[in-house]
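# Coordinate analysis (summary)
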Protein chains: 2
Amino acid sequence: MLDTTPRGALAALVADFESALVAQDASTVSELFLETGFWRDLAAFTWNLKTCEGRDQIAAMAAAQLPQIVPKTFALDPGEEVGHADGVTEGWVTLETATGRGVGYIRMKEGRIWTLLTTLHELKGHEEPRKLKRPMGAEHGHDPNRQSWTEKRISEAESLGYTEQPYVLVIGGGQGGIALGARLRQLSVPTIVIDKHPRPGDQWRNRYKSLCLHDPVWYDHLPYIPFPDNWPVFAPKDKVGDWLEMYTKVMELNYWSSTEAKSATYDEAKGEWRVVVMREGQEVVLRPRQLVFATGMSGKANVPRFEGQDIFRGEQQHSSQHPGPDAYRGKKVVVIGANNSAHDICAALWEGGADVTMVQRSSTHIVKSDSLMEVCLGGLYSEQAVANGISHDKADMIFASIPYRIMHEWHVPQYDEIKVRDAAFYKALEDRGFLLDFGADESGLFMKYLRRGSGYYIDVGACDLVIDGSIKLVSGKGIARLSETGVVLADGTELPADLVVYATGYGSMNGWVADLVSPEVADKVGKCWGLGSATPKDPGPWEGEQRNMWKPTMQEGLWFHGGNLHQSRHYSRYLSLQLKARYEGIATPVWGLDAPHHLN
Amino acid sequence: MLDTTPRGALAALVADFESALVAQDASTVSELFLETGFWRDLAAFTWNLKTCEGRDQIAAMAAAQLPQIVPKTFALDPGEEVGHADGVTEGWVTLETATGRGVGYIRMKEGRIWTLLTTLHELKGHEEPRKLKRPMGAEHGHDPNRQSWTEKRISEAESLGYTEQPYVLVIGGGQGGIALGARLRQLSVPTIVIDKHPRPGDQWRNRYKSLCLHDPVWYDHLPYIPFPDNWPVFAPKDKVGDWLEMYTKVMELNYWSSTEAKSATYDEAKGEWRVVVMREGQEVVLRPRQLVFATGMSGKANVPRFEGQDIFRGEQQHSSQHPGPDAYRGKKVVVIGANNSAHDICAALWEGGADVTMVQRSSTHIVKSDSLMEVCLGGLYSEQAVANGISHDKADMIFASIPYRIMHEWHVPQYDEIKVRDAAFYKALEDRGFLLDFGADESGLFMKYLRRGSGYYIDVGACDLVIDGSIKLVSGKGIARLSETGVVLADGTELPADLVVYATGYGSMNGWVADLVSPEVADKVGKCWGLGSATPKDPGPWEGEQRNMWKPTMQEGLWFHGGNLHQSRHYSRYLSLQLKARYEGIATPVWGLDAPHHLN
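Report on the accompanying structure.

For chain A, the helix and strand inventory stands at 19 helices and 25 strands. Compactness check: chain A gives a C-alpha radius of gyration of 25 Å against a globular reference of 25 Å for 600 residues, within 12% of the reference. With the C-alpha coordinates of chain A rotated into their principal frame, the extents come out at 75 × 65 × 45 Å. For chain A, the proportion of its 600 residues judged to be buried stands at 59%. Put simply, 66% of the contacts in chain A that link residues at least 6 apart link residues at least 24 apart. Summed over all atoms, the accessible surface of chain A reaches about 22700 Å², with 49% contributed by carbon and sulfur.

Glancing now at the interface of chain B and chain A. Chain B puts 53 residues into the contact, and the matching count from chain A is 53 residues. Across the interface of chain B and chain A, roughly 5000 Å² is buried in total on both sides, 59% from carbon and sulfur atoms. Counting the surface chain B buries against chain A, the share from its top three residues, R134, D229 and E351 of chain B, is 14%. One salt bridge connects R134 of chain B with E383 of chain A, and the closest N-O pair in it is separated by 2.9 Å. The interface formed by chain B and chain A includes 20 residue pairs in polar contact (both at pLDDT 80 or more).

All names here are of chain B. Scanning all chains against the criterion turns up 48 aromatic pairs over all chains. Measuring from ring centre to ring centre gives 4.9 Å for F17 and F74, while their planes differ by 65°; the resulting arrangement is edge-to-face. Of this pair, F17 sits in helix α1 (residues 6-22) while F74 sits in strand β3 (residues 71-76), and the two are 57 residues apart along the sequence. Of the two residues, F17 and F74, neither departs from the other in class, the shared state being buried. For the cation-ring pair, K368 lies above F425, with the distance from its terminal atom to the ring centre recorded as 4.1 Å.

Another point: the relation of the copies chain B and chain A. The operation relating the two chain copies consists of a rotation about an axis and a shift along that axis. Each copy of the sequence occupies a distinct position, and chain B is placed on chain A by a rotation of 180° and an axial shift of 0.0 Å, giving an RMSD of 0.0 Å. Overall, the copies show the geometry of a two-fold rotation axis. In terms of proximity to the rotation axis, the leading residue of chain B is M246 of chain B, whose C-alpha is 2.6 Å off the axis. Both copies present the same face, since 100% of the interface residues in chain B are matched by interface residues at the equivalent positions in chain A.

This part is about the sheet that holds strand β17 (residues 355-360) of chain A. Residue and element names in this part refer to chain A. Read from one edge of the open sheet, five strands run β15-β24-β16-β17-β20, paired in parallel fashion. Taken across any chain shown, the strands that pair with only one partner, and hence form the sheet edges, are β15 (315-318) and β20 (472-475). Taking the axes of each pair of neighbouring strands and ignoring which way they run, one obtains an average angle of 20° across the sheet. As judged from the five bridges shared by strand β16 (residues 332-336) and β17, these two strands associate in the parallel manner. Directly across from K332, in β17, lies its bridge partner D355.

We now examine the state of the cysteines. Scanning the entire structure with this criterion turns up zero disulfides over all chains. The cysteine C376 of chain B is free of any disulfide, with C463 of chain B supplying the nearest cysteine sulfur at 16 Å.

What follows covers the pairing of strand β21 (residues 479-482) of chain A. Taken together, the three bridges between β21 of chain A and strand β22 (residues 486-489) of chain A define a ladder with antiparallel strand orientation. Looking across to β22 of chain A, one finds that R481 of chain A is bridged to V488 of chain A.

All names here are of chain A. Across its 12 residues, helix α9 (residues 340-351) extends 17 Å between first and last C-alpha, which sits within 8% of the 16 Å expected from 1.5 Å per residue. With 11 of 12 residues buried, α9 lies mostly within the body of the structure. Within α9 the residues assigned to the buried category are N340, S341, A342, H343, D344, I345, C346, A347, A348, L349 and E351. The inward-facing, buried residues of α9 contact β16, β17, β18 (365-368), β19 (456-459), α16 (462-467) and β24 (499-502). Taken from the residues just after α9, G353 is the one with a positive phi, measuring 85°.

Residues and elements named next belong to chain B. On inspection of all chains with the given rule, the structure shows four cavities of 30 Å³ or more. A volume near 90 Å³ is recorded for the largest cavity. If you trace the largest cavity, you find 13 residues lining it, with F399, Y404, F446, H566 and Y571 closest to the centre. Elements with a minimum of two residues in the lining of the largest cavity: α12 (392-400), α13 (404-421), α15 (445-451) and α19 (565-583). It is α19 that contributes the most residues to the lining of the largest cavity, four residues altogether. The class makeup of the residues in the lining of the largest cavity is eight nonpolar, three polar and two charged.

The rules we used
Residues numbered from 1 in each chain as written. Chains lettered and ligands numbered in written order. Predicted model: local features only at pLDDT ≥ 70, side-chain atom pairs only at ≥ 80, totals over all residues. Heavy atoms only, no water. Helix = DSSP H or I, 4+ residues; strand = E, 2+ residues; numbered from the N terminus. Rg over C-alpha atoms; globule rule 2.2 N^0.38 Å. Buried < 20%, exposed > 50% of the residue type's maximum accessible area, 1.4 Å probe, protein only. Contact = heavy atoms within 4.5 Å. Areas by Shrake-Rupley, 256 points an atom, 1.4 Å probe, with all protein chains shown as cover. Buried area = accessible area lost by both parts, 1.4 Å probe. Salt bridge = Lys/Arg side-chain N within 4 Å of Asp/Glu carboxyl O. Polar contact = N/O pair within 3.5 Å; in protein donor to acceptor, adjacent residues only side chain to side chain. Phe/Tyr/Trp six-rings, centres within 6.5 Å; stacked < 30°, edge-to-face > 60°. Lys NZ or Arg CZ within 6 Å of the ring centre and 35° of its normal. Least-squares fit on C-alpha atoms with pLDDT ≥ 70 in both. Pairing = 2+ DSSP bridges. Axes fitted to C-alpha atoms, helices over the stretch in contact; angles between N-to-C directions. Disulfide = S-S within 2.5 Å. Expected span 1.5 Å × (residues − 1). 1 Å grid on protein atoms, 1.4 Å probe; cavity = no way out; pocket = protein on both sides within 12 Å on 5 of 7 lines; lining within 4 Å. Points joined across faces, edges and corners; volume = space filled by probe spheres on them. Nonpolar A, V, L, I, M, F, W, Y, C, P; charged D, E, K, R; others polar.

Rendered as structure tokens:
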């Protein structure tokens, strides 16, 4: 009897899809999608992060990959509900291939697949030691050669990097490197994470003192140890630093503090890197097979060049170097830029008694923190979401299930709502001369983040200081040069300054590669981040996924990891599994690895 | 219409009970219990930890307390299932009084209450800042006098204990002091935890190197931050130490390391203590109103006196001082005692190449770790229990709902099963001469733990070494004296020794009070721990609860906290709420505080 419930209909489609997958029938697989359907795969079928758009791309991918991936099962998760609204039926699936198990999320429209997300969650025979598989700890019985846990840890720490080589070297030990290091540890992949700071968490501690996370706690959990229920909604930077430090310790990372990478060369013949690092002043040569840059998705600091920077008598700092307001009470400060860091720094300087001017050179997207939480994030990442059974792991999957090509369609209505909700606020900013935008297609903050990683401020109070004139605003005027005593605008006005802060953002992550490996390898892998949306700072053609992040690059053995806490939590899963598969010699046929369109 | 389902019947009884409570009708309250019913209350009705046994005690307590406590509601928790088996119907209740909210667990037999557990979970108006009430972290808006989180923490650390006095001083910063300190922190009660070691966790790190927790991970979680899913079943001591250290930091305890209490005096007139402590070599005088001893429920080390201890030429150590086997390869060691520490130390010494003899002076209860997990603990504390929806918080409540008077009836059948299951193992031990017992009433390990805190070994391998003779065993022979070269038994046999380890246990916690406050105050509060079961080392009369633990004592402002990780997690909740109520000036009429029957 035909089951005409939404669940029944979805189950029937899923069953047909399973049959086609198992039969490795690429043509039927693609026909089960809408003509304009999407299949986003995270390492389960493509050994890549890839969105196939439309039946042709899906058929091509399936034809290439199914014979190698050998799908085994694909089924609705019996423990999860099926949703049905506005002609779309959606639900959770589980899947198995020859070498792995995974989870997926499917949306059905008009009887066919509209969107499909498939993700790899574990490798068969290499499952993480969790829950029933957790280690015993105490080794019962007796063994005259027994080493205690501490002795083993010490022995590993003494040998790894010296007499034993790590399989993976992660450069950069902020939240990204730490989350990835924790996953690789759980997967038993010998890994060293290096960082130039003296202690894990210093990446946060060293920032300006008023800094708090701009994303709420529900969005920020690390893998394995979620923040406790009393954790602040927006955690102060030092508290984040302390958490990262304890996490590094209790997750037993091999983390080399006070260590800087000096050079890296890839030996194609041996298939390994030669990386020279300085560890607490001593040179150590490491030979990992895989090298991960987790140096911050923001890449290297962008400091604009102006005539007169050499004659200016005051201080000049990039925002990443700014220590906070304490030394600047009563001083005149010009902050160049109008994004997150610029606003935070201006507000803290004003609170600290400085005379602050913000110079806005181009329009900025502003969204109030409350509105962002309530209108945009709350459905997936909030106390209410948790109460509704949407854990952050589930939220990550739902979020990932929306193809980037159409993601803005989800976001535009949210920002339309925010424009109404906060109309008086936006008008007051514009009356002050502040240049506003909501992104090239009015899709707001997260799309800007994905496309260019900049161009916005999540308002936690600084806008009121701009509106009431406490923070002076200069907008829409170019900067001509610096004088000995200040910043001279294009119209000749001089802004006197004791300090100029360049809150002018960051370059592409492959800039780190240029410095450490070579400009040639940096160009070979090309620009990092962005979707190819043909919007400002994200040139086309369309890529469909973020460039070079968490997936194979054009340089063998070279990987990029980064992003906010949400991304580094979620995507570290797929990056760690890609590395683990290579470590174990499991075949990883990569689909759709292409040369870059942009160098930086 | 009469609801004759188990849930309906239990709901009817609960409704009658609620009516009687709200009417403050002690007589009806008591009549709703079986003649032999039990009401165990943890701070909700008695501001004490108290089990009322039988209708008379219940009526007396209710008559005294209900007018002061003013019950408001008492109802079945609509979100929880009701169980029904063997004539007993049971389920979860929620309750509210004039000042607090709580949770309970009820068992109904023959239409009346057989057992009732009531517990205080929060004080109205003083709820913990969790989930929806969690702090914001970032203070949105702007404030020229804003202090960052770090500045506030530094300022608090500099003033507390110097210009500001703590309300509570906790002496001892092991798992007990730390768990209590975390709860008091969440309740905003100004608290200092002091500990003599240089770092939190050193209490564990400094023990013998093979030490692992003998209780499994599901039983050992701290409040607020549970261990992650990859945590070992039996965590090695240094890993526990590291966890405690990070926990102390991220839970923001005011924890004074390298600090020892030198003396404490209670000023009855002022209602405060004067406690002299040495903090990193500097004397500091603290004036807390509440003083908590969390110095280890095991109390001070018991070192037996033998003739010849002064002439023995080798080393002598209490088990708490033993560093592990490394220095004793090829040496002869006599370990006096046959409980947990003795077995662990003997096994580690044998593994380390020492010649080890265990001297068993009286019988010991032995249970294999696997059997303990599978037969006794698994239903409440295991991966399976978690999968069944029994979180450790729920398990704590179910465990606490069984009155101590009849708890052995639950345990005896489990140990009957274990005797059969491990019959060959026990026979092999007895064949070797090992003296076995299962407790005075065959109720096994946990009752021994509650009654005397000693007299058992959870076997994780040492027994095989006893059985095969690797660890030499001398049992049932008294010790006459030490010679210059060894231990001389009552029959004249001499056991040559380079090292004698006294694994001879610990005294009562009030011994710490005798040293720090005065012998008079130690006698005033009397013996700690034990139930008054009239079994060895737990003299009657029956007390019904553990003596002096986590509840008011005969000395105003003096409290004891301790126990294993399970107890220190669970009972720190009630102790912290008792302290918080006093801090806030909420009336705390204590029912049933009596003079002690035993001094130590």
